[in-house]
Amino acid sequence: MSLVLTGSEVMQVLDMDLALAAAQEAFQAYGEGRVNMPPKSYLTLAKGDFRAMYGEIFLSAGDHICGLKWVNVHPENPARGLLTVMAKILLNDPETGLEWADLDGTHITNFRTGAAGGLAAKYLSRQDATRLGLIGAGAQARTQVAAILKVRPIQEIVVYDRHPAHSQAFADYVTATHGVKARPAVTGGEAVQGLDIVVTTTPSSSPVVLREWVSPGTHINAIGADAAGKQELAPGILQAAKIVVDDWAQASHSGEINVPLAKGELTPQQIYGSLGEIVAGKKPGRQSPEEITVFDSTGLIIQDLALGFAVYRRALERGLGEVKDFLR
Ligand SMILES: NC(=O)c1ccc[n+]([C@@H]2O[C@H](COP(=O)([O-])OP(=O)(O)OC[C@H]3O[C@@H](n4cnc5c(N)ncnc54)[C@H](O)[C@@H]3O)[C@@H](O)[C@H]2O)c1
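Being a predicted model, the structure only gives us computed values, none of them experimental.

Overview of the overall build of the chain
The helix and strand inventory of the chain stands at ten helices and 18 strands. Over its C-alpha atoms the chain spans a radius of gyration of 19 Å, differing by no more than 12% from the 20 Å that the globule rule assigns to 328 residues. Overall, the chain is about 60 × 40 × 40 Å in size when its C-alpha atoms are taken along their principal axes. Sequence separation of at least 24 residues holds for 71% of the intrachain contacts in the chain that already meet a minimum separation of 6. In the form shown here, the chain has an accessible surface area of approximately 13,300 Å², with 54% of it arising from carbon and sulfur atoms. If you average the places of the 29 positive and of the 35 negative side-chain charges in the chain, the two averages end up 3 Å apart.

Quick look at the pattern of salt bridges
If charged atoms from side chains of opposite charge come close, those side chains can pair. All chains considered together, the criterion is met by 20 salt bridges. Across the salt bridge formed by Asp49 and Arg51, the nearest N and O atoms sit 2.5 Å from each other. The same class applies to Asp49 and to Arg51, which are both buried. In this structure, Arg183 engages Glu190 in a salt bridge whose closest nitrogen and oxygen atoms are separated by 3.2 Å. Glu190 sits in the partly exposed class, given a relative accessible area of 29%. One salt-bridge network, held together by shared partners, links Asp49, Arg51, Asp226 and Lys230.

With respect to the packing of aromatic side chains
Overall, the coordinates contain five aromatic pairs when judged by the stated rule. Taking 4.5 Å as the distance between ring centres and 15° as the angle between the ring planes, the aromatic pair formed by Phe50 and Trp70 counts as stacked. With Phe50 in strand β4 (residues 49–58) and Trp70 in strand β5 (residues 64–73), this pair connects stretches of sequence that are 20 residues apart. For Phe50, a relative accessible area of 22% translates into the label partly exposed. What makes Trp70 partly exposed here is its relative accessible area of 39%. An angle of 45° between the planes, with centres 5.9 Å apart, marks the rings of Phe309 and Tyr312 as tilted. Here Phe309 and its partner Tyr312 are both found in helix α10 (residues 301–317), three residues apart, which amounts to about one turn of the helix. Pairwise contacts between aromatic rings join Trp100, Phe309 and Tyr312 into one cluster. Positioned above the aromatic ring of Tyr272, the side-chain terminus of Lys242 is 4.2 Å from the ring centre.

Section: the pairing of strand β13 (residues 219–222)
What you see with β13 is no split at all: His219 and Asn221 on one side and Ile220 and Ala222 on the other are buried throughout. Pairing of strand β11 (residues 197–200) with β13 involves four bridges; the strand directions are parallel. Bridging from a neighbouring strand, Val198 pairs with Ile220 of β13. Inspection of the sheet shows β13 paired to strand β17 (residues 293–296) by four bridges, in the parallel sense. When the bridges of β17 are listed, His219 appears paired with Thr293.

Re the site of the ligand
Around the ligand sit 27 residues, and of these Thr84, Asp161, His166, Asp226 and Lys230 come closest. A distance of 3.1 Å separates a nitrogen atom of the ligand from a polar backbone atom of Arg162. Side-chain polar atom of Asp226 to an oxygen atom of the ligand: 2.8 Å apart, as the coordinates give it. Notes on the ligand: free accessible area 860 Å², of which the protein chains cover 92%. The site holding the ligand turns out to be the largest pocket.

Examining the nonpolar core
Judged by nonpolar contacts, the single largest core of 53 residues is most densely connected at Leu91, Leu307 and Val311. In terms of residue count, helix α2 (residues 16–31) provides more of this core than any other element does, ten residues in total. Shared between two domains, this core holds at least three residues of each, these being domain 1 (2–109 + 302–324) and domain 2 (126–299). Excluding residues that lie within four positions of it along the chain, Val311 makes contacts with Leu5, Val10, Val13, Leu14, Leu18 and Ile108.

Basis of the calculations
Residues numbered from 1 in each chain as written. Predicted model: local features only at pLDDT ≥ 70, side-chain atom pairs only at ≥ 80, totals over all residues. Heavy atoms only, no water. Helix = DSSP H or I, 4+ residues; strand = E, 2+ residues; numbered from the N terminus. Rg over C-alpha atoms; globule rule 2.2 N^0.38 Å. Contact = heavy atoms within 4.5 Å. Areas by Shrake-Rupley, 256 points an atom, 1.4 Å probe, with all protein chains shown as cover. Lys, Arg positive; Asp, Glu negative; His and termini not counted. Charge placed at Lys NZ, Arg CZ, Asp CG, Glu CD. Salt bridge = Lys/Arg side-chain N within 4 Å of Asp/Glu carboxyl O. Buried < 20%, exposed > 50% of the residue type's maximum accessible area, 1.4 Å probe, protein only. Phe/Tyr/Trp six-rings, centres within 6.5 Å; stacked < 30°, edge-to-face > 60°. Lys NZ or Arg CZ within 6 Å of the ring centre and 35° of its normal. Pairing = 2+ DSSP bridges. Near = heavy atom within 4 Å. Polar contact = N/O pair within 3.5 Å; in protein donor to acceptor, adjacent residues only side chain to side chain. 1 Å grid on protein atoms, 1.4 Å probe; cavity = no way out; pocket = protein on both sides within 12 Å on 5 of 7 lines; lining within 4 Å. Sits in = over half its atoms within 2 Å of the grid points. Core = buried A, V, L, I, M, F, W, Y, C linked by side-chain atoms within 4.5 Å. Domains from an automatic or database assignment.

So, in structure tokens, the structure goes:
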């Protein structure tokens, strides 16, 4: 028997506190070797791509989950009134293979990506970070803001998008939703220079953040680069930074570091470690107020499984969704 949950049903139980707890759980499990996660595989299309992501995680409470996410990225979709990223998640019992749940994964993807950014900010940004800059003002930027506001005392947000209308709408949304001062920037530099935390969430394949904009002590969440050839940061930033990846195999193939590694502008030895190692206490996070830190996020199936399972559990408790037997 499988519980089928639509996007609106998922949203009845999903919030950023749940997402942050699931992210903590997923990255800790990664750091402690309680996951089995082959790198995602890509179907490249003319206008975008699909990824198949599958894996297994042992949660600290004893739950054992495996599953699959099928997710697209079509950057031109907003012009057609469609989302760039949409997903479906299946959760299965690793003991028998039986399906537990069939979930819309779009909101789960956005929230788990935001939560990973929040977790990275918790371990890597300065504790007194009050100013947040954003390059890219789409769906991922929203959940990045929601998560970072939970972990740092942010008082001001500056947002730049290549479409000025997106920057303005995003700033209005942030102020209306979170009650935080937010303003649109006219240039990318304005959304980076002098700010404490910077988040990039564009599908760009050339740098949108320049080295000279980044001051000592800044933490950057590089979220947008999640396929081969994508890149948001000037290589000089990576040269100067403590680089933390979510997963070496995925990041070196498709994360922020993939292009500089391929061009020889960065070496594998320059990568500090993984967020999971830091969360599990195996390596320290930020070590000085002056460090520039970069979290290279590609997105891990274990994040989806941990959050998807938490959503499934809550939905079961609240009697949401429709139970189906797909075998009959
Ligand atoms: N790391 C992860 O786990 C993860 C998860 C989901 C999505 N992503 C990636 O994040 C990126 C954004 O996804 P989304 O769902 O927010 O998309 P979206 O289309 O909702 O938002 C992207 C925004 O970036 C803006 N933009 C595009 N190019 C730009 C540029 N050069 N400079 C400034 N702004 C620019 C667009 O106008 C748009 O407002 C995609 O590349 C996607 O593949 C990563």
